[in-house]
Every structure is written in C-alpha cells, then in structure tokens.
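Residue strings, one per chain:
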Amino acid sequence: MSWRQGILIGFAGLCLVLASAIVYISSRVNDFIVETGPSGAFVAARQAARRNDSDSAGAFYAQALAARPGDETLLREALQAHLMAGQMNQAVATAQRIVAVNEDARQARLLLAIHAFKQANFKGAKTHLNKMSKGPFTELLAPNIHLWMALAEDDENARHKAVKRLARASVFTAAPLVQAAQALELNGEINEAQAYYERALQSGGARYVFMVLAYGEFLHRQGNTEKAEKLYDFYDERNLPHPHVSAARARLYEGQPLAANDDPKAGLAVAFAAIGEAMNGENRTELALGFFRVANFLDDDSDIITFNVARQLGALERHVSAAEKFAEIDDDELMYDAAQIERAQMLFEAGAREAALAVLYAAQ
C-alpha cells in the first residue's frame, strides 16, 4: 500500500453535496428576458459555467438556443461548455451552427477540422483550416494537423512545410518541436530529429512527461540508453513517480524500445495533450482541460490522456466528474493504480467517503 493510500484509508461516511444558485444577471441577460421570455435556461447556463459545471451548462445552453438559434454569443458559449464537458458530438454540431453564422470563426473551424481529421477526411480538414481566422494558437495548432495529414498521405512537401512552421512556433515551444522531431524521425532524418529534441530540451521540455517519454524512447531507439536514463532521472527527481516513465525505464533495462509512433490520430492526440500539459504548468487549468478533451476525442484508448482529463476536472473541483473519468481507466493500464487513488480522493472531496474507502480497498 502506498503512502497516498494510507492517507485516504481514514475516509469514511457518505455525503454528496449539491448546490445551485443564480446570483448575477447582466444587461445582456435582461435583453434576453425582454426579447424571448424563457430566460431561465440562459441564466442557469451562465451560472453553471461559473461553477465549472460544464455538463449542466451545455444542457442549459441547448435550451436557450432553442429560443435564439442564431445567437453567435450563445453558440460560442455553448461550444465551450460542450467541449469542457467532453460532449464532443454536441460540440461539433454547435461548431457547424457557428460557421453558418460566422464563416471564419476560429474555435469552431478548428474543432471541425479535428473532427474531419479523425474521420480521415483530410480534404475537409484542410478546407476548415484554410477558412479559419488567424491567431497565435492557430499558428501553433494548424501545423500540427497539417503535419499528421502529410504523414498519413505521404506528402513530403506538406510535411516539410509543417515542420518549418512548427519550428517557428512562439508559444509552448517544446510541444511543437517534439512533434517536428517525431515527423523527422519517421522520415529517416535522425540527426535532424535529434537536433529538434535538443531544442525542445533546452526550452524546458524535460518538465513535461509527454516530451520526456517521446525523447526518451527516441534515444532508446538510437541506442543512447545512458542519456535516456539521465532524462528519466531528471524527471523523476522533480516529480512523483510516473507509471509511464517507470515503464520506459524498465524497457531500457530490457532493451525493448517502443517503435516510433506513426498513427496520425494518436500522434495528433499527443500534440494536443502536450500543449494541455504545458498550459496546466502555467495554471491555465480550463484551457488545459479543453486541450486534453480534444486529445481524448482523438485517442480515447490512451490511459495517460484519460488520466489527465480526470485530473484537470479535479483541479476545477468537479469531483464527481473526475471520479467517473478516473473510473474509465482499465485495470490492465499503466495508470490504473494511480487512477484508483485519485478516484478515491475525488469521491472523498465530493463527500462520498464510504465510496472512497471502498475504491481503496478494492484496489489493494
């Protein structure tokens, strides 16, 4: 039993706390009341969003939009609520409604591009990206999507352009550099890939588990096990033990590196997850959750991504939702034990102390 389990063993009792309140009505809401009458859904949606209750917010926004179906402000807020709640089908449907009102809406176009990419509809994804308005994040995210489409289509020219654009990214530098490095390795450009990984390392990438795992496996594949072990040591000295890092270290000793990832959906999922991790490191919790949600949408089999979605929900004090998400991780996954401990903690925070205790006993 770990020390964290020991701390949680003392949890007992059962009490789920539910709260609701509507405390603030802006002039925008007053206009809504005058013009449409059924203002309760809009007010409830806003209040649910303030409480980080995205599940309820999405449902209330849907009711409000029934009264004002073309209201772009409502549509954007509904899209955000659906995305944060992981309601991806509703988010995509809302994005389609937004672009009917505002053709170059950035967030909506980006989500539609990701949706098309997931379906291997690369022509559709490119159309959405081309119509999307420009901004710092689109300059970071669009090249990632173009990169994995180019790899999927074996388009050397598009791959080269995407790598160059990623190399110029001005935000969360380590994440795009790692993506570029992965593409270079897949193309057999090992020295160039090494150079990009080193740039990512120099920009502080060793703080982030997604970068550490990618670079460590690259080093292992190149036979540089000593440097890979030092990288894992650096990460472990600054963080709690991570199951995936421990597994990577074990592979070092066994001489069994993972093959380079050439799955477009999994590759793009890691790109979004890595940015989410970097955002979380800057305490941008809500934005981080949005990126992890997209990553989970692209690759719902990744236990490490699912774990991060759950952890972000916990950080936003959505304890029940976090516990439910932690429960999605199967008992044969590397993150299972850590997920059960976190799940128990979330149940305890929600007041379900007996349920928390039961989770811990079952995980022993």
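As a reminder, the structure under discussion sits directly above these lines.
So, here is what we can say about the structure in this document. (Residues numbered from 1 in each chain as written. Predicted model: local features only at pLDDT ≥ 70, side-chain atom pairs only at ≥ 80, totals over all residues. Heavy atoms only, no water.)

This part takes up the packing of helix α7 (residues 106-118) against helix α16 (residues 264-281). Between two packed helices, both the angle of their axes relative to each other and the distance between the axes serve to describe the pair. The contact between α7 and α16 brings their axes to 10 Å, and the two run at 150°. By the angle between their directions, the pair α7 and α16 is classed as roughly antiparallel. Along the contact surface, α7 presents I114, F117 and K118, while α16 presents P264, K265, L268 and F272. A breakdown of the residues in the contact of α7 with α16 according to their chemical character gives five nonpolar, no polar and two charged. (Axes fitted to C-alpha atoms, helices over the stretch in contact; angles between N-to-C directions. Helix = DSSP H or I, 4+ residues; strand = E, 2+ residues; numbered from the N terminus. Parallel < 35°, antiparallel > 145°, perpendicular 65-115°, else oblique. Contact = heavy atoms within 4.5 Å. Nonpolar A, V, L, I, M, F, W, Y, C, P; charged D, E, K, R; others polar.)

Time to look at the pattern of salt bridges. Applying the stated rule across the entire model yields 16 salt bridges. Between R76 and E72 there is a salt bridge, with the nearest N and O atoms lying 3.3 Å from each other. Of the two residues, R76 and E72 both sit in helix α5 (residues 72-85), four residues apart, roughly one turn of that helix. Taking relative accessible area as the criterion, R76 reaches 41% and is therefore assigned partly exposed. Ionic pairing is found between R251 and E217, a salt bridge with its closest N-O pair at 2.5 Å. Here R251 is found in helix α15 (residues 243-254), whereas its partner E217 is found in helix α13 (residues 209-221), with 34 residues between them in sequence. We note that R251, like E217, is buried. A cluster of three or more residues bridged by salt bridges with shared partners is formed by E229, D233, D236 and R249. (Salt bridge = Lys/Arg side-chain N within 4 Å of Asp/Glu carboxyl O. Buried < 20%, exposed > 50% of the residue type's maximum accessible area, 1.4 Å probe, protein only.)

So, on to the nonpolar core. Formed by 104 residues in total, the largest nonpolar core has its most connected members in F117 and F272. Beyond its immediate stretch of four places on either side in the chain, F272 contacts I114, L141, F291, V294, A295 and L298. (Core = buried A, V, L, I, M, F, W, Y, C linked by side-chain atoms within 4.5 Å.)

Okay, the side chain of D303 next. Relative to the elements of secondary structure, D303 occurs in helix α18 (residues 303-315). Those residues within four positions of D303 in sequence are excluded, and the remaining contacts are H244, I329, E333, L334 and M335.

The terminal C-alpha atoms of α16 lie 26 Å apart, and with 18 residues this matches the ideal 26 Å at 1.5 Å per residue to within 8%. Extensive coverage of α16 is indicated by the burial of 13 of its 18 residues. N-capping of α16 is provided by D263, with a side-chain oxygen placed 3.0 Å from the backbone N of K265. Remark: N283 follows α16 within two positions and exhibits a positive phi of approximately 60°. (Expected span 1.5 Å × (residues − 1). Polar contact = N/O pair within 3.5 Å; in protein donor to acceptor, adjacent residues only side chain to side chain.)

What follows is about the packing of aromatic side chains. Any two aromatic rings considered together are summarised by their centre-to-centre distance and by the angle between their planes. Tallying each qualifying case throughout the model produces six aromatic pairs. Considering the side-chain rings of F307 and F326, the 5.2 Å spacing of their centres and the 65° angle between planes classify their relative orientation as edge-to-face. You can see F307 sitting in helix α18 and its partner F326 sitting in helix α19 (residues 319-326), a full 19 residues away along the chain. Given a relative accessible area of 7%, F307 falls into the buried group. Over the aromatic face of Y196 sits the side chain of R199, whose NZ or CZ is 5.5 Å from the ring centroid. Positioned over the ring face of F234 is R238, at 3.6 Å from the centre of the ring. (Phe/Tyr/Trp six-rings, centres within 6.5 Å; stacked < 30°, edge-to-face > 60°. Lys NZ or Arg CZ within 6 Å of the ring centre and 35° of its normal.)

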